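Understanding the architecture of this molecule
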There are 2 protein chains.
Amino acid sequence: MNRRAQAVACRNCPLQKQPRLRTLDERQIDYLQDFKRGEMSVEREGMVIEQGQFGPHLYTVLEGVLIRYRTLDDGRRQIVNFVFPGDLIGLQSAFEGPANHAVEALVEARLCMFERKSFPEFIGQHPRLAYDIVWLAAAEETQLEEHLVALGQRTAKERLVYLAVWLVDRAQISGISDKGNTLTLPITQSQVADMLGLSLVHTNRTLRALLDSGLVEWRPGEIHIPDMDAACEFAQYERDTELERPFI
Amino acid sequence: MNRRAQAVACRNCPLQKQPRLRTLDERQIDYLQDFKRGEMSVEREGMVIEQGQFGPHLYTVLEGVLIRYRTLDDGRRQIVNFVFPGDLIGLQSAFEGPANHAVEALVEARLCMFERKSFPEFIGQHPRLAYDIVWLAAAEETQLEEHLVALGQRTAKERLVYLAVWLVDRAQISGISDKGNTLTLPITQSQVADMLGLSLVHTNRTLRALLDSGLVEWRPGEIHIPDMDAACEFAQYERDTELERPFI
DNA sequence: CGATCAGTTGACGCGCATCAAGAGGCGTGG
DNA sequence: CCACGCCTCTTGATGCGCGTCAACTGATCG
């Protein structure tokens, strides 16, 4: 983890170019620029937030994909969500003391840093951005809700299809996957297991079964979904291909 | 569901009296009063929000307990969260079109109504309240995160203890349970099962085992936890007995 | 070139789902 | 006022989905 001298100016923020991410106007960009405290790079497997710590920053992901997870005392681990470009990290810990989860990079990532303590002021001074933050918080909640339904109600096979579809969908929204429904990302089967509440062995077997059935081709380092509609229906997942996300 | 003529004035809001709920100052109360559009009563098993609908309101619970759940096409149901006094309902659907979940009252409930379309203006005009809303959204997210850990990593017995402890804890925060660690609330075992991703039969058996072991006494209509610390440790649940929640 | 780690596959067993049926409470209508 | 239906809780029997233990492969790396 290191800080770079040369940070991208907000007006040149790569996220502004993504079609599914809502762009900001000049005034908002100026204000954000004031609020921004620099950038941070994290290498693969690097930690952005440690469980139980009390970090002074909020982050927006500029590039890369990360996981947010919680570890129990006895070593069991639950991956709570994946974090994509445009997502805000650290909202909860901004309010309720130390974070009860960790955030770790799956691939090298670049983050935009904000100061936690100027956060109330930030919300107060720019209503539209405050509104966007509430939007992001609500969206994150909706995602967790989906995961919850998957863990509570779905079988192993359904969960894996759900996760594959969801990952590809989110990747497309944040612009890191094309329309070919392929996502290149080094997720280990162990991580998949810890996300879906399955054992590693059963995850492996089920992935093989899915590969054989042709519904989802999840090979090491790459997810491909031959027929997106079929996969969505199987997992009872509803995509919204219209929706624009705000960010920062 | 019916609207009452006589709504409580915000300055007399019963929630203001709860020690664990953060009180508002005069100016904030005045502003809230402007934003408030009335009250609503729901009888037991009455619906506040229907899945797939596009309601024009946000609500704050004044009294009563509700469940928020999502039903799949094939009838499987996942209860996503319980809703207690002081909680805000409808944030997600305020942003992302129709709600993908339903909200139903467990007991007769009273709700404070706000208009969804004046929500952006509301956020813009009162920073402190905007801040509180972000706080509430973050808190809700933290709760879902806990549920996710329970569903993904815990055994049936652990899940049930977790849920019991969590319910009693939340009930105490919102002032509807005393320090005796008893919560009187008509939750069916079927609802418990749908919350925890267990079958009804197994839920029943596990509850009986817990009753026999003395860890949690969950009888129909009432939850009692003889030794809160022991139960928390078993479920690896960390209470925060200090934290004040904001509301509205 | 041993060590470590992700992926893979087999064997076995337990936790939990499913099917089934009965008991008790409560409201409703004949 | 009792009979009936419905709902919740309960308990038994059976079996499958998935966890666990264990071993082997191939890749990467110091």
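Bear in mind the structure is a predicted one, so any value in this text is a computation, not a measurement. (Residues numbered from 1 in each chain as written. Chains lettered and ligands numbered in written order. Predicted model: local features only at pLDDT ≥ 70, side-chain atom pairs only at ≥ 80, totals over all residues.)

1. Notes on the protein's contact with DNA strand C
Near DNA strand C there are 16 residues, and of these Thr 188 and Gln 189 of chain A together with Ser 199, Val 201 and His 202 of chain B occur at the shortest range. Of all the secondary structure elements, the ones that give two or more residues to the surface near DNA strand C are helix 5 (189-196) and helix 6 (200-213) of chain A together with helix 6 (200-213) of chain B. Classifying every residue of the surface near DNA strand C gives seven nonpolar, seven polar and two charged. (Near = placed C-beta within 6 Å. Helix = DSSP H or I, 4+ residues; strand = E, 2+ residues; numbered from the N terminus. Nonpolar A, V, L, I, M, F, W, Y, C, P; charged D, E, K, R; others polar.)

2. Thoughts on the nonpolar core
Most often, soluble globular proteins have nonpolar side chains that are buried together. Val 134, Val 161 and Ala 164 of chain A together with Val 134, Val 161 and Ala 164 of chain B are the most contacted members of the largest nonpolar core, which totals 156 residues. Discounting chain neighbours no more than four positions away, the residues touching Ala 164 of chain A are Val 216, Trp 218, Ile 223, Ile 225 and Ala 231 of chain A. (Core = buried A, V, L, I, M, F, W, Y, C linked by C-beta atoms within 7 Å. Buried ≥ 20, exposed ≤ 12 C-beta atoms within 10 Å, placed from the backbone. Contact = placed C-beta atoms within 7 Å.)

3. Let's talk about the interface of chain A and chain B
One widely used convention gives an interface's size as the accessible area the parts lose upon coming together. Between chain A and chain B, the contact holds 37 residues from the first and 37 residues from the second. Of all the secondary structure elements, the ones that give two or more residues to the side of chain A that touches chain B are strand 6 (77-83), helix 2 (119-125) and helix 3 (127-153) of chain A. For the side of chain A that touches chain B, the element with the most residues is helix 3 of chain A, which contributes 20 residues. Of the residues that constitute the side of chain A that touches chain B, the class distribution is 20 nonpolar, ten polar and seven charged.

4. Things to note about the protein's contact with DNA strand D
If you check the shell around DNA strand D, you find 16 residues, and the closest are Ala 156, Ser 199, Val 201 and His 202 of chain A together with Gln 189 of chain B. Those elements that provide at least two residues to the surface near DNA strand D are helix 6 of chain A together with helix 5 (189-196) and helix 6 of chain B. For the surface near DNA strand D, the element with the most residues is helix 6 of chain B, which contributes six residues. Considered class by class, the residues forming the surface near DNA strand D number seven nonpolar, seven polar and two charged.

5. Description of the domain arrangement of chain A
All names here are of chain A. We note that the domain assignment places domain 1 (2-140) and domain 2 (145-235) within chain A. Taking only C-alpha atoms into account, the centre of domain 1 sits 25 Å from that of domain 2. Between domain 1 and domain 2, the contact holds 15 residues from the first and 14 residues from the second. Elements with a minimum of two residues in the side of domain 1 that touches domain 2: strand 5 (66-71) and strand 6. Residue contributions to the side of domain 1 that touches domain 2 peak at five residues, all from strand 6. When the residues that make up the side of domain 1 that touches domain 2 are grouped by side-chain class, the tally is nine nonpolar, four polar and two charged. (Domains from an automatic or database assignment.)

6. Quick look at the UniProt feature "domain: HTH crp-type" (unreviewed entry) in chain A
Mapped onto this structure's residue numbering, the UniProt feature "domain: HTH crp-type" (unreviewed entry) falls at residues 154-229 of chain A. The annotated region residues 154-229 of chain A carries 55% helix and 12% strand content, and the separation between its end C-alpha atoms amounts to 18 Å. (UniProt positions renumbered as here; feature names shortened; annotations may be inferred.)

7. Section: the environment of Glu 45 of chain B
Residues and elements named next belong to chain B. Take Glu 45: it is sitting in the loop between strand 2 (36-42) and strand 3 (47-49). Of the residues examined, Glu 45 has 11 C-beta atoms within 10 Å and is grouped as exposed. Taking the C-alpha atoms as reference, Glu 45 lies 7.9 Å from Glu 108; in sequence the two are 63 residues apart. When residues no more than four places from it in sequence are discounted, the contact partners of Glu 45 are Glu 104 and Ala 105.

8. Quick look at the confidence of the model for chain A
Per-residue pLDDT for chain A averages 92, and the proportion of residues at 70 or more is 98%. Note on residues 1-5 of chain A: pLDDT is under 50 here. Beyond four places in sequence and across chains, it has eight contacts. (pLDDT = per-residue confidence, 0-100.)

9. Some words on the relation of the copies chain A and chain B
Relative to chain B, chain A is turned by 180 degrees and slid 0.0 Å along the rotation axis, the superposed coordinates differing by an RMSD of 0.0 Å. Within this description, the copies of the chain are treated as partners about a two-fold rotation axis. (Least-squares fit on C-alpha atoms with pLDDT ≥ 70 in both.)

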